[in-house]
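# Architecture and fold: a report
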Amino acid sequence: MYSFMGGGLFCAGVGNILLIVSTATDYWMQYRQSSNYMHQGLWRYCMPGKCFPHNDGIAHLDATRALMILSLLACFIGIIIGIMAFIHYSSFDRFDKTFAAGILFFISCFLVFLAMAVYTGVTINYYGKRYGNWRFSWSYIIGWVSVVLTFFSGVFYMCAYRMHECPRGANSH
């Protein structure tokens, strides 16, 4: 049980760090315009030597930002509850912290998956039809890696919950 929780905490910790990096950086997409390479993130777009905030309320960026932030919060709260389960902190006796941490990691995974899907769909439909020389960049890829890590965090914590709830008896056959 502890190995599953340890693996879940490791995946969640790394996933949460990657979520923070992905959300905060400006390399979700790179494109070439007038012989200059430019890049943009969720918060700003950058030309050579200068970055500017996204001034207009672009709906898909607002949705992606909101979903990424909610995913960060769910993952962070899941990590706190997961640590409490790991060290047997028992302020809530009727509250199964292992199960709650697993559910929060799955919620985080679902939210970041939605954020990535929204960004991917709109970007491909908009830029794919208008510009030929663009690509997704490393911040975007880190976002997809965090989907996988938060998913496995949830799987590990659900396995730990299952082992805790259904212990195998030594004498049962």
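Before reading on, note that the structure itself is shown above.
Here is a short report on the structure shown in this document. (Residues numbered from 1 in each chain as written. Predicted model: local features only at pLDDT ≥ 70, side-chain atom pairs only at ≥ 80, totals over all residues. Heavy atoms only, no water.)

Turning our attention to the pairing of strand β4 (residues 50-53). Direction of pairing for strand β3 (residues 44-47) relative to β4: antiparallel, over a ladder of 4 bridges. By the bridge assignment, Tyr 45 is partnered in β4 with Phe 52. Between the end of β3 and the start of β4, which pair antiparallel, lie 2 residues, with Gly 49 showing a positive phi angle near 85°. (Pairing = 2+ DSSP bridges. Helix = DSSP H or I, 4+ residues; strand = E, 2+ residues; numbered from the N terminus.)

The next subject is the nonpolar core. Counting residues in each nonpolar core, the largest one holds 34 residues, and the members touching the most others are Trp 28, Met 68, Phe 105, Met 116 and Tyr 119. Counting residues per element, the ones that place at least two in this core are α1 (2-24), β1 (29-33), α2 (59-86), α3 (97-130) and α4 (138-165). The leading source of residues in this core is α3, at 11 residues. Residues in contact with Met 68, not counting those within four places in the same chain, are Leu 19, Ser 22, Thr 23, Trp 28, Leu 42, Val 112, Ala 115 and Met 116. (Core = buried A, V, L, I, M, F, W, Y, C linked by side-chain atoms within 4.5 Å. Buried < 20%, exposed > 50% of the residue type's maximum accessible area, 1.4 Å probe, protein only. Contact = heavy atoms within 4.5 Å.)

Consecutive residues of a regular strand have side chains that alternate between opposite faces of the sheet. As defined by bridge partners, β1 adjoins strand β2 (residues 36-40) across 5 bridges and the pair is classed as antiparallel. When the sheet's bridge partners are listed, Gln 33 is paired in β2 with Asn 36. Joining the antiparallel neighbours β1 and β2 is a turn of 2 residues, in which Ser 34 adopts a positive phi near 50°. Alignment of β1 against strand β5 (residues 134-136), held across 3 bridges, turns out to be antiparallel. Opposite Met 29, over in β5, you have Phe 136 as the bridge partner.

Let us now look at the packing of aromatic side chains. In total, this model carries 15 aromatic pairs according to the counting rule given. The rings of Trp 28, Phe 113, Tyr 119, Trp 134, Phe 136, Tyr 140 and Trp 144 are connected pair by pair, giving a single aromatic cluster. (Phe/Tyr/Trp six-rings, centres within 6.5 Å; stacked < 30°, edge-to-face > 60°.)

Pairing within the open sheet is antiparallel, and its 5 strands lie in the order β4-β3-β2-β1-β5. Looking at which strands have only one partner, the edges of the open sheet turn out to be β4 and β5. In this sheet, neighbouring strand axes are inclined to one another by 20° on average, regardless of whether the strands run parallel or antiparallel. Strands in contact with α3 are β1, β2 and β5; relative to β5, the strand with the most contacts, it is inclined by about 170°. (Axes fitted to C-alpha atoms, helices over the stretch in contact; angles between N-to-C directions.)

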